Amino acid sequence: MGRAKTSSSSESDKVEIKIQPRSDLNPAVVIPRPANHQQNFHPPPHRPPQRPRSHRLFKKWIPWFVPTIVLVNVAIFVYAMYLNDCPRNSENCIGRSLLDRFAFQSTKENPLLGPSAATLLKLGALDVKSVVDGHQVWRLASCMWLHAGVFHVLANMLSLIFVGVRLEQEFGFARIGLVYVISGIGGSLLSSLFVRTTISVGASGALFGLLGAMLSELLINWTIYENKCAALSTLVLIIIINLAVGILPHVDNFAHLGGFVTGFLLGFILLIRPQFGWVNQRNAPPGYYSKNTSKYKAYQYIFLILALLLLIAEFAVGLGLLLGGADGNDHCHWCHYLSCIPSPFWACGPVRCSSSQLQNQVNMTCLSNHKSGFYTLQNPNNTAELQRLCTVLCH
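Residues numbered from 1 in each chain as written. Predicted model: local features only at pLDDT ≥ 70, side-chain atom pairs only at ≥ 80, totals over all residues. Heavy atoms only, no water.

This part takes up the nonpolar core. Counting residues in hydrophobic clusters, the biggest one holds 58 residues, and the most contacted among them are Leu160, Leu167, Tyr180, Leu210, Ile239 and Leu322. Elements that contribute at least two residues to this core include exactly α2 (65-84), α6 (128-132), α8 (150-171), α9 (173-194), α10 (204-220), α11 (228-245), α12 (253-270) and α14 (298-323). For this core, the leading source of residues is α10, giving nine residues. (Core = buried A, V, L, I, M, F, W, Y, C linked by side-chain atoms within 4.5 Å. Buried < 20%, exposed > 50% of the residue type's maximum accessible area, 1.4 Å probe, protein only. Helix = DSSP H or I, 4+ residues; strand = E, 2+ residues; numbered from the N terminus.)

Dropping the structure here:
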């Protein structure tokens, strides 16, 4: 996950409102001196010039929401490892003697050093079959609090600290919290329309939502920033690099794209700033400004309305297609390249196996390397466990 922040020039952090002193004497009026002027006149005492008043344009918030999210995600991952209890459920565990029940699954099952797919599914991982057939729509939100492994949670939480803390300082916990949560759901929604055979977890969709919100915030507050082109080019480069990482295998780039688009629209709605002239007018003494300044410019209102309409359409259409059982791959035959581009170094297709079942006995054959395995399952209808066994068999 990339790290970025948009900053304006240091001179724009404070705007000074200087008020020139008024004289009670009109220079055009001659005031006669009394006869005993020499005896009664005393010059006014010397007063040091008053320091001009200064006002901070926008309130700085103390970030607490983003650090709390980091702690919650780490705590949930620790609980997932406790619930997983690899030594009790599997023979091949990493760190069995040192970590006991917190030992990791084997790298063949989970290369990110984490729990099993069955444990993640139990805790709320995104599984299309559970959402559509089981009507468990809550998984669109719960999956963003789960992580597949140590490397996964560390990468996401470090990125959240670098990106989210800065945004929360500028806009407060309420707006950034809404961007984070709604973007995560938007990423899960797009992912569920295209990723149909595997489960998905992680906060990447919400993180890309924050990046998208940073971009739209720069655009809708364009007249406020001084180094516009430098800030825009830097932010766009960071976004491109992070999206390019998503074309690697085992990375759900659809969640990245869905979260980014959702956050981009939310930035126009939640991160809009008033114009400098309006802020100065509010902080100035009465009568200092003779002309009222509009709080927002016309283009800001236009962006806000369009973004709100598109955001409503995104969730209405997306949820309608998902709950109706639509498969996005049937309507877009090239969209799978957005998540993984084939190369000589890796394969993009999901592992597939053929299987035959007799009660709780499953005979499975990997279609790529033709290896076979015979398994006894407590629940032969557990799709997550079948997918896990297929993954182990094909590696």
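This part covers the environment of Gln136. With respect to the element layout, Gln136 can be found in the loop between α6 and α7 (139-142). Using a relative accessible area of 23% as the deciding quantity, one classes Gln136 as partly exposed. Discounting residues that sit within four places of it in the chain, Gln136 has contacts with Ser130 and Val131. A distance of 2.5 Å separates the side chain of Gln136 from the side chain of Arg139, its partner in a polar contact. (Contact = heavy atoms within 4.5 Å. Polar contact = N/O pair within 3.5 Å; in protein donor to acceptor, adjacent residues only side chain to side chain.)

Let us now look at the packing of α10 against α11. Two numbers describe how α10 lies on α11: the axes approach to 10 Å, and their chain directions differ by 160°. With respect to each other, α10 and α11 are oriented roughly antiparallel. Here the hand of the crossing between α10 and α11 comes out left-handed. Residues Phe208, Leu211, Met214, Leu215, Leu218 and Leu219 of α10 form the contact with α11, whose own contacting residues are Lys228, Ala231, Leu232, Leu235, Val236, Ile239, Asn242 and Leu243. Considered class by class, the residues forming the contact of α10 with α11 number twelve nonpolar, one polar and one charged. (Axes fitted to C-alpha atoms, helices over the stretch in contact; angles between N-to-C directions. Parallel < 35°, antiparallel > 145°, perpendicular 65-115°, else oblique. Left-handed = near helix turned anticlockwise from the far one by under 90°. Nonpolar A, V, L, I, M, F, W, Y, C, P; charged D, E, K, R; others polar.)

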